[in-house]
Amino acid sequence: MTATTLPIRARALELAAAGELPAYVYDLGDLDTHMAAVRAALGDIQVYYAVKANPDPTLMRVLAPYVDGFEVASGGELDHVREHFPESRIALGGPGKTDSELFAEVHRLHIESPSEIRRLFAAGRSADVLLRVNLDIPIKGASLAMGGGATPFGMDPEGISECIEMMKGQDAVRLRGIHAHLASGLDAPTMLELAGAILDYARSLGVTEINVGGGMGVSYADPDSRFDWQTYGAGLAALRRPGETVRIEPGRSISVYCGRYVTQVIDVKRVHGERFAVVAGGTHHIRTPATKGHSQPMVIEEQGEPITVVGQLCTPKDTMARHVPAQLATGDVVEFLMAGAYAWNISHHDFLMHPKPSFHYVGG
Ligand SMILES: *Cc1c(COP(=O)(O)O)cnc(C)c1O
């Protein structure tokens, strides 16, 4: 166990003694160190944090000094950022914007379809827009693809041309540039290839502000292998031409590592030869392993016969990790790693009406 993980372990044991598990424990010092390194690697490249990864204001307060703004994908996230960070720049995107979302006054509005431009005109609104493009380029190795073929996200180049045509001869809806978020789960060299294609496309339109999106890969199978921010930052700096504003909007790769979901073993049993540990809580608190179909990485204190770790829900989908080589007994504290993004906030909290976890912060 590395030094940076010790504050969480210590707090986990305190919480177990106090009967306060399950819990989320965030290491703010770890988040600060990570974000500082990301910021340093990015140089002149702007970074907006994608709030949907984890909107916890305590985490966002750590990130705020390092980011150029926040990217929000709904009116709810917009209100949240305005409440907690009234001074910050905001980019608002997302398919299916309601009028109040589309007409919100934000630093940048990410346009998803030609009809959004028509609605802005019809309502007599002004806005600074980036047009979201879905380029038809092959995307190898993505865990989720938002582009590179027919998807509901953004516009193909014909849709972009239609928007640009409509925007001629008026200056209320101002074309600031191009936005793209084509895939997630990619490594730095692949992300740079995509960024190169997006930049070339933006240049063909004569715009100088380019948001190349988020989606930097993380590995749940190998929590120690991290996205190569040095290579990515240096690569983007080499791609950027003078006078261009290049921006990224990562979420998962920023906040995922700082959080752990900590719980305790309630029961251990063997069924048809296979060992199971049932822990308090489960995927209604951390839906990540169910949505991604993976084993959530966990701290293994002592090696043992492979055991499948499940939660308290009455469904086989409530599986946290399969065949983990860990020695587990009733009462043991279990720490699931990489629980700082798309974890609590994507979970179905009310299913089965179990109590909610508590939230704790160390290293702040
Ligand atoms: C979700 C999303 C992001 C962040 O993606 P990560 O995989 O968390 O980095 C960025 N931009 C847009 C448009 C998104 O939908």
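For clarity, every value in this text was computed on a predicted model and none was experimentally measured.

Participant: What should I look at first to understand the UniProt feature "modified residue: N6-(pyridoxal phosphate)lysine" (unreviewed entry) in the protein in this one?
Facilitator: UniProt feature "modified residue: N6-(pyridoxal phosphate)lysine" (unreviewed entry): in the numbering of this structure it lies at Lys 52. Following the sequence through the fold, Lys 52 ends up in the loop between strand 2 (46-50) and helix 3 (57-63). Those residues in contact with Lys 52 that sit more than four places away from it in its chain are Glu 77, Tyr 342 and Asn 345.

Participant: Explanation requested: the site of the ligand in the structure shown.
Facilitator: Near the ligand, the surroundings consist of 14 residues, among which Lys 52, Gly 215, Glu 249, Arg 252 and Tyr 342 are the closest. Taking Glu 249, its side chain carries an N or O atom lying 2.7 Å from a nitrogen atom of the ligand. Taking Gly 251, its main chain carries an N or O atom lying 2.9 Å from an oxygen atom of the ligand. Notes on the ligand: free accessible area 390 Å², of which the protein chains cover 89%. Classifying every residue of the shell around the ligand by side-chain character gives 3 nonpolar, 6 polar and 5 charged.

Participant: How do you make sense of the packing of aromatic side chains when you look at a structure like this?
Facilitator: Centre distance and the angle of the planes are the two values used to describe a pair of aromatic rings. With the rule as written, the count across this model stands at 12 aromatic pairs. Ring centres of Tyr 26 and Tyr 361 lie 5.6 Å apart, and the angle between their planes is 20°; on these two criteria the pair is classed as stacked. Remark: Tyr 361 occurs in strand 17 (residues 358-362) and Tyr 26 occurs in strand 1 (residues 23-27); sequence separation between them is 335 residues. A relative accessible area of 28% means that Tyr 361 is categorised as partly exposed. Looking at Arg 226, its charged tip hangs above the ring of Tyr 257, at a distance of 3.4 Å from the centre. The ring of Tyr 48 carries the charged tip of Arg 247 above its face, separated from the ring centre by 4.8 Å.

Participant: What's the story with the UniProt feature "domain: Orn/DAP/Arg decarboxylase 2 N-terminal" (unreviewed entry) in the protein in this structure? I'm lost.
Facilitator: UniProt's entry tags residues 29-254 with the feature "domain: Orn/DAP/Arg decarboxylase 2 N-terminal" (unreviewed entry), counted in the numbering of this structure. Note that residues 29-254 is 38% helix and 18% strand, and that its end C-alpha atoms are spaced 13 Å apart.

Participant: Help me understand the nonpolar core in this model?
Facilitator: Nonpolar side chains tend toward joint burial in soluble globular proteins. By size, the foremost hydrophobic cluster in this structure holds 98 residues, and its most contacted members are Leu 131, Trp 229, Tyr 232 and Ile 248. Here this core gets 9 residues from one element, more than from any other, and that element is helix 8 (residues 188-205). When residues no more than four places from it in sequence are discounted, the contact partners of Leu 131 are Ile 111, Ile 117, Met 155, Ile 160, Cys 163, Ile 164, Met 167, Leu 175, Gly 177, Ile 178 and His 179.

Participant: Please clarify how the domain arrangement of the protein should be interpreted in this entry.
Facilitator: Many authors give the size of an interface as the accessible area that is lost as the parts come together. Here the protein is partitioned into domain 1 (8-25 + 257-362) and domain 2 (89-250). Distance from the C-alpha centre of domain 1 to the C-alpha centre of domain 2: 36 Å. Of the residues lining the interface, 9 residues belong to domain 1; the matching set on domain 2 comes to 7 residues. Carbon and sulfur atoms make up 68% of the surface buried where domain 1 meets domain 2, a total of about 680 Å² over both sides. If you sort the residues of domain 1 by the area they bury against domain 2, Tyr 257, Lys 292 and Met 338 come out on top, with a joint share of 70%. The tally of links from domain 1 across to domain 2 stands at 0 salt bridges. Inspection of the region where domain 1 meets domain 2 yields 0 residue pairs in polar contact (both at pLDDT 80 or more). For the side of domain 1 that touches domain 2, the class distribution of residues is 5 nonpolar, 3 polar and 1 charged.

The rules behind the values
Residues numbered from 1 in each chain as written. Predicted model: local features only at pLDDT ≥ 70, side-chain atom pairs only at ≥ 80, totals over all residues. Heavy atoms only, no water. UniProt positions renumbered as here; feature names shortened; annotations may be inferred. Helix = DSSP H or I, 4+ residues; strand = E, 2+ residues; numbered from the N terminus. Contact = heavy atoms within 4.5 Å. Near = heavy atom within 4 Å. Polar contact = N/O pair within 3.5 Å; in protein donor to acceptor, adjacent residues only side chain to side chain. Areas by Shrake-Rupley, 256 points an atom, 1.4 Å probe, with all protein chains shown as cover. Nonpolar A, V, L, I, M, F, W, Y, C, P; charged D, E, K, R; others polar. Phe/Tyr/Trp six-rings, centres within 6.5 Å; stacked < 30°, edge-to-face > 60°. Buried < 20%, exposed > 50% of the residue type's maximum accessible area, 1.4 Å probe, protein only. Lys NZ or Arg CZ within 6 Å of the ring centre and 35° of its normal. Core = buried A, V, L, I, M, F, W, Y, C linked by side-chain atoms within 4.5 Å. Domains from an automatic or database assignment. Buried area = accessible area lost by both parts, 1.4 Å probe. Salt bridge = Lys/Arg side-chain N within 4 Å of Asp/Glu carboxyl O.

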